[in-house]
Each structure stands twice: as structure tokens, then as C-alpha cells.
Amino acid sequence: MVEKRKDVPARYATAQEIQSQMEYTSKIRAIVTAGEVKKACVVTYGCQQNEADSERIAGMLRAMGYEKTDKEENADIIVVNTCAVRDHAEQRALSITGGYKHLKAKKPSLIIGISGCMVSKKESGDRIKRSYPYIDFTFGTEKLWQMPEILYGVISGQKRIFCPNEGKPITMEGIPVLRENPYKAWVSIMYGCNNFCTYCIVPYVRGRERSRRPEDILNEIRGLVADGCREITLLGQNVNSYGKEFGGECDFADLLAKICEIEGDYIVRFMTSHPKDASRKLIDTMAANPKIARQFHLPVQSGSDRILKAMNRNYTRESYLSLIRYMREKMPDIAISTDIIVGFPGETEEDFEETLSIVREARYDMMYSFIYSKRSGTPAAEMADQIPPAVTGARFPRLLEVQNEISLERNLVWENQTLRVLVDGRSKNNPEKFSGRTDGNKIVLFDADDSDIGKFVNIRITKAQTFALIGEIVNDGR
Ligand code: SF4
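This is a predicted model, so every value here is computed, not measured.

About the criteria used
- Residues numbered from 1 in each chain as written.
- Predicted model: local features only at pLDDT ≥ 70, side-chain atom pairs only at ≥ 80, totals over all residues.
- Heavy atoms only, no water.
- Near = heavy atom within 4 Å.
- Nonpolar A, V, L, I, M, F, W, Y, C, P; charged D, E, K, R; others polar.
- Salt bridge = Lys/Arg side-chain N within 4 Å of Asp/Glu carboxyl O.
- Helix = DSSP H or I, 4+ residues; strand = E, 2+ residues; numbered from the N terminus.
- Buried < 20%, exposed > 50% of the residue type's maximum accessible area, 1.4 Å probe, protein only.
- Domains from an automatic or database assignment.
- Pairing = 2+ DSSP bridges.
- Contact = heavy atoms within 4.5 Å.
- Axes fitted to C-alpha atoms, helices over the stretch in contact; angles between N-to-C directions.
- Parallel < 35°, antiparallel > 145°, perpendicular 65-115°, else oblique.
- Left-handed = near helix turned anticlockwise from the far one by under 90°.
- Phe/Tyr/Trp six-rings, centres within 6.5 Å; stacked < 30°, edge-to-face > 60°.
- Lys NZ or Arg CZ within 6 Å of the ring centre and 35° of its normal.

Focus on the site of the ligand
Around the ligand sit Cys193, Asn195, Phe196, Cys197, Tyr199, Cys200, Val202, Pro203, Gln237, His274 and Arg313, and that is every residue in its neighbourhood. Among the residues making up the shell around the ligand, the classes are represented as seven nonpolar, three polar and one charged.

Written as C-alpha cells, this is what we have:
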């Protein structure tokens, strides 16, 4: 099992540390911009937090003088931002990175780095150092802010640098960000997790919880709204425990209320919530502020109290359901989604039936379900009574069947109603149509044109399907 790191308190980067990283950025910029245009490619695996981190990596690379490219074969530097949540994700990142060996053979000046959860642990960095001689550098999630210094060491010293998460986690404000989408932005409000759910590797690779200061978050959001951003998603592994280190001065509900005071036409979403920390105050704040999307992602993971205990989730089926009832009482139109793990070690048929019954009771709009997969280093991987694939494989479709029926019923209520939708662009699955998301985060497909991208429009829903709504624009939504 991976050892729990000591609970080292986080701190903010000092002015001197910030200055020093800026100086490294300038030195690299002088080298990079001296000759032909140099290009940087950032490849991302994993969750929204990783996507947000990649936008910061890309922002730093741009500040260093690199132009962005999406093609690894055109790049002068490749940074692979990895995920460690599942063994499969780690193996995939390694195998893709393995393919870069031939790129380096063709272009020996190519610089290759790996960042993120997979290289946050020292052992993983050591393995890369030994087995992947063409990788020039690694840095863990807590060392992202030091990328200019690491990269300068590689470029100037022609040496390999491996930098796992060690020591005090440091939060640095003002890192440049290269956002993928001008209308939708991720804003990390906190980092790390304290919960140690027994199946999860995150607390071992992203460290203990630490919140950004409210004024830093508010300033970032003010800037985004002023630049025309229409949707802001606040990110944290457990946003409900935001602000614990501020001594009750600003909890997550307070932060949301302050954000909603920023003038402008935009909506705020957040993820992810932990049911043990989601408060009634938060639900009241949402109900009182129309800028907060009517969407709540509340991962239940299992409907069985016995399994919830084994998962170390620290809530019960009943406390969870009472939260759902309170949400629906305060916001009858709220869309609720969840995560469920099928086949956690020791899950009996009775436990699984409890999961089916909580799905029927909670009546989710959407569900993200996963078959339990062993994550080495976590307590659950060592538990006796791992469930055979034949059993999990048989349970999984039964769960989907129950949820799909409910999803369709929940979508059918929107037929013939008009919903405000932020237009994302052409649908990936159906390029004839445009797609967007409702306040409840439901996908809507409709006819539009490119000039509608990034705007709110009103859409009359003509047909409901299990995973999407179909509609037509009835007027400009602003
Ligand atoms: S709350 Fe649990 S599942 Fe979520 S990141 Fe923390 S440990 Fe992992």
C-alpha cells in the first residue's frame, strides 16, 4: 500500500519565488525566440482538474515563447499531463509516451516531459528515469508552478530533472493560463483531498486539501467575465470543504454567493461534491442565486451502508437521500447526477440491490458508473473478497437499464418547454447539428450557425432522448 504522506501544511509562494520563476521564464524565452519558431504540444489524460492544469502548463509554455501545436510530430517540446486514477489510464499514458521514442530519434533536440498524478510519487518518477531514457523531465502536481525552473535546468544544463511531490505543497497565483475555450473556463478553487476513500489514489498523488484565497478566485472570475466568458466551472476534489483553513470566514456557500455578486451574464457550475460535506446552507445559496446552474453532481458510489463504510465515505444512505430530498424541495427543477462503483470488494447481491434501489429513489438525471478496478496502493486493492469479473459484468448492465429508464423519464418532462442553452459548437457525434448544455447540464442538439457559438439561446425542446434533448432555437436567449 502507498504510504500516507505526513500532513504538511500548504503555503503560498512568496514574492521572491514568483519573481524567480518569472526570471526563468524570461531566460527560456530568450533562448526559444532566438531562432526559428518553436512549438509546444501538451497532451492531457484524466479529469477536469488535469485539463485545468494543462491550460496552465500551456500558458507557461506560451510565456516562454513557444507556439501551441496539437500535433506531437511538429513539436519541439511535448508535455504529457498524466492521470493515475486507474491503472488503465497510467498504462495508456506510458504506452503513448513510449511511442515518442521514435520522435526523439528523428529530432534529438525534442524535449519530452511528463507531469501530473502519475509522476507525483517518487517511485513512479524513478521508474521513468530508469526505463525511459528519452524523457527529459517530470514534475508532480504540486510542482507545476516550478516548471520554468525545471525546464531551464533541462535546456541550459542538458540534464534530466525528476521532481516528485515533496515537502510543503505550494500554491502559486498568477500562473499564465492558455484557455482552450473563450466561453467556458475551469477555475480551480482548491487542490488535494483529505478523504482517503479506500478505492482512490487521489489523496496520495495530489496531497492534502488547500484552498485558494477568495480574493484570488474572485479576481480571476472578474477577469473571465470581463473577457466574455459565459460559463465558469469551479473545480476541487471536494469543493464542499473549501475554506476550512480560513476559520469559518468563507466557506464554499459564501464563496459562491460572492461570485454571484460579480455583474455579467454567465452561469457558475462546480464539481465535485462530497455528500458528507454538502451543506443545507450550500443548497439554500444555490436556490437564492439564479447564476448558479441548477445542477448538482453528488457521487453516491453505493446504496449499501455496509459498502459505504468499507469505502470510508462517511455518510449513510439515509443522510444522502435526505440531502437529495432537501435539494428537490428547494429547487424542483434541479438536475442531479451521480457516480456509482459496481463490484467494490465484498459487494453482495443484497448490497447491489440496495444500489439499484437508491438509484430508483434518488431518480438521477445522469449517472457515471464504473466497474470497480483495483488501484494498486489503495486499501481496497488489498481487501479480501474481490468480486469476479463475471459477477460485476452481469451487475453492470442491470444498473444501466434502471438508470436509462429514469434518465429518459426525467428528460421527457422537458418536451415542449423552452430552455436557455449555451451554444458549444458543432456536435462531435452529429456534426450536422450544433450542441449546447442546459442549466441542468443536459446536452441539447439543434440547428444553428457558427455565429451562435458562445451565446445563450432559448431552445424549445421538441424531443427527449435518454442521453440528449432535441430542439429548435426560438429566439436569442440574452
Ligand atoms: S473524495 Fe474520495 S473519491 Fe474523491 S478524490 Fe477524495 S479520496 Fe478520491
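Looking at the pattern of salt bridges
If you walk through the whole model with that rule in mind, you get 34 salt bridges. For the salt bridge of Glu180 with Lys68, the shortest nitrogen-to-oxygen distance reads 3.3 Å. With Glu180 in the loop between β8 (170-171) and β9 (184-188) and Lys68 in strand β3 (residues 67-68), the pair connects residues that are 112 residues apart, well separated along the chain. Relative accessible area serves as the criterion here: at 60%, Glu180 is assigned to the exposed category. On the accessibility criterion, Lys68 (46% relative accessible area) is partly exposed. Note that Glu318 is salt-bridged to Arg325, the shortest N-O span being 2.5 Å. Bridged by salt links that share partners, the residues Glu55, Glu173, Arg179, Arg212 and Glu220 form one connected network.

Some details on the domain arrangement of the protein chain
If you check the domain split of the protein chain, you get domain 1 (11-171), domain 2 (184-412) and domain 3 (418-476). Taking the mean C-alpha position of each, domain 1 and domain 3 sit 37 Å from one another.

Quick look at the environment of Lys101
For Lys101, the position within the fold is in helix α4 (residues 101-106). Sequence separation between Lys101 and Ile135 is 34 residues; the distance between their C-alpha atoms is 8.7 Å.

Section: the sheet that holds strand β7 (residues 161-163)
One open sheet accounts for six strands, arranged β3-β2-β4-β5-β6-β7; its pairing is parallel. Strands with a single pairing partner mark the edges of an open sheet, and in this sheet they are β3 and β7. Contacts between helix α6 (residues 147-157) and the sheet are confined to β4 (77-82), β5 (111-116), β6 (137-139) and β7, with β6 contributing the most and set at about 165° to the helix.

Some remarks on the pairing of strand β18 (residues 434-438)
With four of five residues buried, β18 is to be regarded as a mostly interior element. In this sheet, β18 lies alongside strand β17 (residues 418-426) in antiparallel orientation, the contact comprising five bridges. Each bridged residue has a counterpart across the sheet, and for Val421 the counterpart in β18 is Thr438. Across four bridges, the pairing between β18 and strand β19 (residues 443-446) is antiparallel. Counterpart to Ser435 in the pairing with β19 is Leu445. Linking two consecutive strands that pair antiparallel, namely β18 and β19, is a turn of four residues; a positive phi of about 70° is found at Asn441 within it.

Re the packing of helix α13 (residues 349-362) against helix α15 (residues 389-412)
Two measures define how a pair of helices packs: the angle their axes make with one another and the distance between the axes. At a minimum axis distance of 10 Å, the contact between α13 and α15 shows a crossing angle of 15°. One way to sum up the angle between α13 and α15 is to call them roughly parallel. Crossing geometry of α13 relative to α15 is assigned as right-handed. For the pair formed by α13 and α15, the contact residues are Glu349, Phe352, Glu353, Thr355, Leu356, Val359 and Arg360 on the first element and Arg395, Arg398, Leu399, Val402, Gln403 and Ile406 on the second. Counted by class, the contact of α13 with α15 contains six nonpolar, two polar and five charged residues.

Comments concerning the packing of aromatic side chains
On inspection of all chains with the given rule, the structure shows ten aromatic pairs. Within the aromatic cluster, the residues linked to one another by ring pairs are Tyr199, Phe344 and Tyr372. We note Arg420 situated over the ring of Phe456; from NZ or CZ to the ring centre the distance is 3.9 Å.

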